[in-house]
Amino acid sequence: MNEEKFFEDYCIGSSRVTAGRTITETDFVIHAGHTGDFFPHHMDAEFMKTQAFGQRIAHGTMVFALGVGLTASRINPVAFSYGYDRLRFIKPVFIGDTIRTRLTVSRKEPDPKRPDQGRVWELTEVLNQRDEVVLACEHIHLVQQRKH
């Protein structure tokens, strides 16, 4: 869905939560193939039975990619991603977990390089089915200002 939202329209503290998505073994295999990360913590079930988590854990980069992908249900044609800061993998994600993403506008300011745009920071939190934050980062958007 397209939703035109200008810099002035963003309100500090406003938030939304995406739909959920259940993580599967196929996700692990495809992500490992795409990235080349066949680390045993993700791919070796027998090895992981001997480790603290007791089962395979999802690639942090996969949780990030899927969590961000869930937010793409709303497309803002007057904004684009400037990048991500402060990425943290807080809790493990396992096969069978269902994740969703909560986005909260945390700050905004005019862009110092582009007088017609502003920067909007969204706290991006990926949650599991128990509402535990498993991943957090800041997403920075460049957003067009309204024409004055």
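Residues numbered from 1 in each chain as written. Predicted model: local features only at pLDDT ≥ 70, side-chain atom pairs only at ≥ 80, totals over all residues. Heavy atoms only, no water.

Trainee: Honestly, the pairing of strand S4 (residues 98-110) in this entry has me stumped. Any pointers?
Mentor: As judged from the three bridges shared by strand S1 (residues 15-17) and S4, these two strands associate in the antiparallel manner. Opposite serine 15, over in S4, you have threonine 104 as the bridge partner. Pairing geometry for strand S2 (residues 21-22) and S4, over two bridges, is antiparallel. Within the sheet, the bridge partner assigned to arginine 21 lies in S4 and is isoleucine 99. Two successive antiparallel strands, S4 and strand S5 (residues 117-127), enclose a turn made up of six residues. (Pairing = 2+ DSSP bridges. Helix = DSSP H or I, 4+ residues; strand = E, 2+ residues; numbered from the N terminus.)

Trainee: Sorry if this is basic, but what is going on with the pattern of salt bridges here?
Mentor: It is possible for side chains of opposite charge to pair when their charged atoms get near one another. One pass over the structure, following the stated rule, counts eleven salt bridges. Here aspartate 131 and arginine 100 are joined by a salt bridge, their closest N and O atoms 2.3 Å apart. Here aspartate 131 is found in the loop between S5 and strand S6 (133-144), whereas its partner arginine 100 is found in strand S4, with 31 residues between them in sequence. Looking at arginine 100, the relative accessible area reads 23%, which means it is partly exposed. Each of Asp111, Arg114 and Arg119 takes part in a single network of salt bridges with overlapping partners. (Salt bridge = Lys/Arg side-chain N within 4 Å of Asp/Glu carboxyl O. Buried < 20%, exposed > 50% of the residue type's maximum accessible area, 1.4 Å probe, protein only.)

Trainee: Could you clarify how one ought to interpret the packing of aromatic side chains in this entry?
Mentor: Between two aromatic rings, the relevant description is the distance of the centres plus the angle of the planes. What the rule picks out here adds up to two aromatic pairs. Here the aromatic rings of phenylalanine 53 and phenylalanine 94 are separated by 6.3 Å at their centres, their planes lie at 65°, and the arrangement is edge-to-face. Here phenylalanine 53, found in the loop between helix H3 (45-49) and helix H4 (60-70), pairs with phenylalanine 94, found in the loop between strand S3 (79-89) and S4; they are 41 residues apart in sequence, far enough to count as distant. A relative accessible area of 43% places phenylalanine 53 in the partly exposed class. According to the relative accessible area criterion, phenylalanine 94 is buried, its value standing at 14%. Both rings, one in phenylalanine 64 and one in tyrosine 84, keep their centres 5.0 Å apart while their planes meet at 85°; by these two values the pair is edge-to-face. Here phenylalanine 64, found in helix H4, pairs with tyrosine 84, found in strand S3; they are 20 residues apart in sequence, far enough to count as distant. Accessibility expressed as a relative area gives 21% for phenylalanine 64, which makes it partly exposed. Here the basic side chain of lysine 5 rests over the ring of tyrosine 10, its NZ or CZ set 4.6 Å away from the ring centre. (Phe/Tyr/Trp six-rings, centres within 6.5 Å; stacked < 30°, edge-to-face > 60°. Lys NZ or Arg CZ within 6 Å of the ring centre and 35° of its normal.)

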